[in-house]
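Here is how the chains run, residue by residue.
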Amino acid sequence: MAENDRLRLVIVIGSVRKGRFGPVAAEWLASRARLRRDVDVDVIDLATAWLPDVMSADPTAVKPQAVKDLAPWLAAADAFVVVTPEYNQSFPASLKNAIDWYDEEWHAKPVAFLSYGGASSGLTAVGQLRQVFAEVHAITVRETVSFHNYWERFGPDGRPIDEEEWETAAARMLDRLGWWARALRLARAQEPYGHLQSHARE
């Protein structure tokens, strides 16, 4: 497969709390994705991205250096998987902050979710994130990987105890994400997404 035909998948670890489970889940998913011949994988940990949590009301204001540093990684992505817990029936503030700092980097790209939590598996957070990503012109895929009572699902080696079940769910999600990534990359190449927006304002 030609290098430029490969999909660039960015996995975003949304929680920044100490002792979080996100890196374990993200690395497991990344290990599954890296087995695919058509995918290059980057893992972005918001805990080390150092994005500031204060934004300017002036859209022309110069963005902080940390925001500039992360932008090329997001812009180069063909698809995203967001790894999110559920805190108080919602997703982490750090994740909303990261989404809000960017705009065109999300446009016309697919987003999938790996969630974790208690009995709800983090799916309440995912439902809310679907609405947020719609506002930044991203497409969310239906298939998810979700771990309920996640502390019971993983062994000390960082892998799910019933790994075959979760591998099947991950493969299904990555298959769907890949379909959308290829379709939307072709569509963006044929007609830039911003071009459509400019027509809408005319």
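The paragraphs below set out a description of the structure included in this document. Every value quoted in this text rests on a predicted model; they were computed, and no experiment measured them.

With that settled, the discussion passes to the nonpolar core. Nonpolar side chains tend to gather and get buried jointly when the protein is soluble and globular. Ranked by size, the top nonpolar core spans 30 residues in total, and within it Leu9, Ile11, Trp28, Leu29, Val81, Leu114 and Val145 carry the most contacts. Those elements that provide at least two residues to this core are strand E1 (7-13), helix H1 (22-33), strand E2 (39-45), strand E3 (79-85), strand E4 (110-117), strand E5 (139-148) and helix H6 (163-190). Counting residues per element, this core draws most heavily on H6, which supplies seven residues. Those residues in contact with Val145 that sit more than four places away from it in its chain are Trp28, Phe113, Leu114, Ser115, Trp166, Ala169, Ala170 and Met173. The next biggest cluster of nonpolar side chains, apart from the first, holds 29 residues, and it includes Leu46, Ala71, Ala98 and Val111.

Turning our attention to the pairing of E2. Burial within E2 is extensive, with six of its seven residues counted as buried. As defined by bridge partners, E1 adjoins E2 across seven bridges and the pair is classed as parallel. If you follow Ile11 over to E2, its bridge partner there is Val43. Crossover connection from E1 via H1 to parallel E2: handedness right-handed.

Attention shifts here to the pairing of E3. Where burial is concerned, most of E3 is hidden: seven out of the seven residues are buried. Both faces of E3 are covered, namely the face carrying Ala79, Val81, Val83 and Pro85 and the face carrying Phe80, Val82 and Thr84. Here five bridges tie E1 to E3, and the two strands are oriented parallel to one another. Bridge pairing in E3 links Val10 to Phe80. With six bridges connecting them, E3 and E4 associate as parallel partners. When the sheet's bridge partners are listed, Val81 is paired in E4 with Ala112.

In total, this model carries 13 salt bridges according to the counting rule given. Here Glu27 ties to Arg34 by a salt bridge, and the two come within 3.9 Å at their closest N and O atoms. Arg153 is the partner of Glu152 in a salt bridge, and the nearest nitrogen-oxygen pair spans 3.9 Å. Taken together, the salt bridges that share partners define one network made up of Asp78, Arg185 and Arg188.

An order of E2-E1-E3-E4-E5 is seen for the five strands of this open sheet, with the pairing classed as parallel. At either end of the open sheet lies a strand with only one pairing partner, and these are E2 and E5. The sheet shows a mean angle of 20° between the axes of neighbouring strands, taken without regard to direction. Relative to E5, E4 runs parallel, the two sharing seven bridges. For Pro110, the partnering residue across the bridge sits in E5 and is Ile139. Packing against the sheet, helix H5 (residues 123-135) makes contact with E3, E4 and E5, and its axis sits at approximately 165° to E5.

Conventions we followed
- Residues numbered from 1 in each chain as written.
- Predicted model: local features only at pLDDT ≥ 70, side-chain atom pairs only at ≥ 80, totals over all residues.
- Heavy atoms only, no water.
- Core = buried A, V, L, I, M, F, W, Y, C linked by side-chain atoms within 4.5 Å.
- Buried < 20%, exposed > 50% of the residue type's maximum accessible area, 1.4 Å probe, protein only.
- Helix = DSSP H or I, 4+ residues; strand = E, 2+ residues; numbered from the N terminus.
- Contact = heavy atoms within 4.5 Å.
- Pairing = 2+ DSSP bridges.
- Right-handed = clockwise from strand over helix to strand, strands pointing away.
- Salt bridge = Lys/Arg side-chain N within 4 Å of Asp/Glu carboxyl O.
- Axes fitted to C-alpha atoms, helices over the stretch in contact; angles between N-to-C directions.

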